[in-house]
Structure formats: structure tokens, C-alpha cells
Amino acid sequence: MRADRIFAYGATAGLIGDLVLGDPRRGHPVAAFGRAAGAVESLLWRDHRGWGAAHTLVCAGGAAGAAALASRAVRRSPAAALALTAAATWAVVGGTSLGREARAVGSALEAGDIEVARERLPHLCGRDPQSLDAQQIARAVVESVAENTSDAVVGALVWGAVGGVPGLVAFRAINTLDAMVGHKSAKYRRYGWASARLDDVAGWPGARLTAALAAVAAVSGGDPRGAVRAWRADAAKHPSPNAGPVEASFAGALGVRLGGTLSYAGRVEHRPVLNAAGRPVGVPDIERAARLSRRVGALALVTAVAGRLAFGALRRAACTGGSGIRTGKGRA
């Protein structure tokens, strides 16, 4: 079986697996990687960019290398290669768990139990929940759903289409390292610099595709023109080069305002408002954001599979010269 078809079938099976099963409560491969990365950090940590770059290289490079070895080991067995692709896709994507956690916070807010909502919010983002009221929690959830649609689904599928299982694993490793050490705290400002910059590079294509697909997905429930308009007008205002397009597009698609004052562990940030013409986020917008995220994930799978199949067809056509006969010199 060709590599492009293995990716197509495997990625589809993996995304269906995520849809049906979600993330395991225990023993998740990403959690295991996080523990290993934490152990490496305990050995290497210095308040220095060079040591942080070494940490990134060891962890992300090690994960990608292990995935490459696994892919090489099963390359002669299409069934094993397909199973590995499906398992890797299921392990690295997290769309179902993202929607589940968002809805859990939304249910608590609908019931008027803001304390439960505050307890659940850290499962989605790193903000200080004690400083947030119900409307601010709802806004934080919608922003997190938007950003994590790119990080937890679309970006992984993009790199899976480009690099197969190693691409899937490398992207998730980079994204996990950014979450662990890439933030601007006193401890990680220098040490996490390399992880944060690498995550910006790796996340760039997935973020733009997510923003575009949010506009497409809004056709069946939202404002597609508003998504494009907010993306073009406000994406560059966001301090993150990748969160900006995604959050702006979601804001326009849902017709809400995102951004504003945020608090992370006592550190206050004042971010520009995205889609200022929109209304304040309400609790029902959490469900709308989760549904939009699900549609974007499905479209991302179609796009990634179609792109991989198209590239494979072009490559085969180039090898045969378009005539079905391989070009180049052969033995006399």
C-alpha cells in the first residue's frame, strides 16, 4: 500500500478513535512524554537559552527519532504501518477531550456554579480562575477552544500529512514543550525561549489553516464573512503569531468579542480586543465554539488527506513523466 494511502486511512481511523474514545484517563502517551521532558529539565535546567535549546533538541528530537525508527520498523507491513499511523494520530489529537472540557465548564456556568467552573478551567488554560467572573470564564473557554483547535487537531494533521508518524509526533512534542517551558515566567523566560520559538514555527501553517477552515465551517452555523473580516483586521494585534489568526477568525465566525485583560498566576496582560464589533461572550457561545471546533477538525482531516494524496499523485506523475513509464537511464 502506498504511503499516501496509509496516511489517509490511518489518520481517518485515528481521528475516529479520538471521536469515539477521547483521551485515556491514565497512561496517555503525551503525559508520558511530559514526564520524560520534566526529568530532562531537572538535569539540564539553567537560566540560559543554550541549555533550553539543548532541552528542546533532546526531547523533541528524541520523540521524532523514536517515531521515525518505529515507522521504519513497520514499513514492509502495510497493516502495521496503518495501525501505527492510526495510533499516533489518536495519541496526538485531542479534539474530543477539548470539547468535553469546554462543555464541562459551560454546564457548570449554566447551573450557576461558578466555583465548579473555576475548578475546571485549568484543564483548558493557564489563567488564574479565581480572578474571573462567569462572563470572563466563558470568554476564556472560547479563546482556549479556538487556540487548541489549531494546537490539538489541525496542526498535528498538517504535519502528519507532511511527515507521517514522525511529523505527528514531532508536532505534539514541540507543542507540549511549549506548554511546559515556553511561557514568560521568571524561570522559563530564557530556558523556554527555544521551545517557544520552535512552537511558533511549527504552529504557523496549522494556525492559518485553522483560521481559514473556521470561516468555511461557519457557513453551516456562524458568520463566514465575519470570520474573514476579523482575521484580516485583528490577527496581527495578538501577541502570539499563531493564536491571533485563530482567535480572530473564531471571534468573527461566532460574532463575539475576544481578548482584553487576562491574568496568569498573578501576571496581568492587557491584550487587544478581537472583533470589537461583536457582542460579549455568553455561556451558550461555549457550545457554539465546541461545535465549530469539531467541524474545523473534520475539514482539516479532509484537507490533510487530500493534500497528501494530491502530492503523492504529482510525485508519481513526475517519476513516470506523465506517461506511465519511469524516466531516467536504465540498464542496457
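Keep in mind that what you see is a predicted model, and the values were worked out from it rather than measured.

Caption draft 1: Structural context of the pattern of salt bridges. On inspection of all chains with the given rule, the structure shows 13 salt bridges. Among the ionic contacts, a cluster of salt bridges with common partners joins Arg-2, Asp-4 and Arg-316.

Caption draft 2: Structural view of the side chain of Asp-200. By the element assignment, Asp-200 lies in helix H8 (residues 193–217). Within the structure, the side chain of Asp-200 is placed 3.0 Å from the side chain of Arg-197, a separation counted as a polar contact.

Caption draft 3: Up close: a nonpolar patch on the surface. A cluster of nonpolar residues, Ile-16, Leu-19, Val-20 and Leu-21, forms a patch on the protein surface that exposes about 410 Å² of accessible area. Note on placement: Leu-21 falls in helix H1 (residues 3–21). When its relative accessible area of 58% is taken as the criterion, Leu-21 is described as exposed.

Caption draft 4: Geometry of the packing of aromatic side chains. Counted according to the given criterion, the structure contains two aromatic pairs. Between Trp-45 and Tyr-191, the aromatic rings sit 6.3 Å apart at their centres with planes inclined by 40°, giving tilted as the arrangement. Placement of the pair is Trp-45 in the loop between helix H2 (29–44) and helix H3 (49–73) and Tyr-191 in the loop between helix H7 (134–181) and H8, with a sequence separation of 146 residues. Exposure remark for Trp-45: the relative accessible area of 30% places this residue in the partly exposed category. Judged by its relative accessible area of 0%, Tyr-191 falls in the buried class. Between Tyr-188 and Tyr-191, the ring centres sit 6.5 Å apart and the planes meet at 45°, which makes this aromatic pair tilted. Under the relative-accessibility criterion, Tyr-188 is labelled buried at 12%.

Caption draft 5: Geometry of unusual backbone geometry. Phi at Asn-275 takes a positive value of approximately 60°, unusual for a residue other than glycine. By the element assignment, Asn-275 lies in the loop between strand E2 (267–274) and helix H11 (284–320). On the basis of relative accessibility, which here comes to 13%, the residue Asn-275 falls in the buried class.

Caption draft 6: Geometry of the packing of helix H5 (residues 95–110) against H7. Packing of H5 against H7 leaves a shortest axis separation of 10 Å and a crossing angle of 175°. Looking at the two axes, H5 sits roughly antiparallel to H7. Along the contact surface, H5 presents Gly-95, Leu-98, Ala-102, Val-105 and Leu-109, while H7 presents Ala-134, Ile-137, Ala-138, Val-141, Ser-144, Val-145, Asn-148, Thr-149, Ala-152 and Val-153. When grouped by side-chain class, the residues that make up the contact of H5 with H7 number 11 nonpolar, four polar and no charged.

Caption draft 7: How the structure looks around the nonpolar core. Within the largest apolar cluster, 74 residues are counted, with the highest numbers of intra-cluster contacts made by Ile-137, Val-141, Phe-250 and Val-296. It is H7 that provides the largest number of residues to this core, a total of 21 residues.

Caption draft 8: Inspection of helix H9 (residues 224–234) at higher detail. Looking only at H9, the buried set comprises Gly-226, Ala-227, Ala-230 and Asp-234. Summarising the axial view, the buried residues of H9 lie within an arc of 105°, below the 170-degree limit, and thus occupy one face. The exposed set on the far side of H9, more than 90 degrees from its buried face, consists of Arg-225, Arg-229 and Arg-232.

The rules behind each value
Residues numbered from 1 in each chain as written. Predicted model: local features only at pLDDT ≥ 70, side-chain atom pairs only at ≥ 80, totals over all residues. Heavy atoms only, no water. Salt bridge = Lys/Arg side-chain N within 4 Å of Asp/Glu carboxyl O. Helix = DSSP H or I, 4+ residues; strand = E, 2+ residues; numbered from the N terminus. Polar contact = N/O pair within 3.5 Å; in protein donor to acceptor, adjacent residues only side chain to side chain. Patch = residues over 30% accessible without salt bridge, like charges linked within 9 Å, V, L, I, M, F, W, Y side chains within 5 Å. Areas by Shrake-Rupley, 256 points an atom, 1.4 Å probe, with all protein chains shown as cover. Buried < 20%, exposed > 50% of the residue type's maximum accessible area, 1.4 Å probe, protein only. Phe/Tyr/Trp six-rings, centres within 6.5 Å; stacked < 30°, edge-to-face > 60°. Axes fitted to C-alpha atoms, helices over the stretch in contact; angles between N-to-C directions. Parallel < 35°, antiparallel > 145°, perpendicular 65-115°, else oblique. Contact = heavy atoms within 4.5 Å. Nonpolar A, V, L, I, M, F, W, Y, C, P; charged D, E, K, R; others polar. Core = buried A, V, L, I, M, F, W, Y, C linked by side-chain atoms within 4.5 Å. Arc of directions from axis to C-beta.

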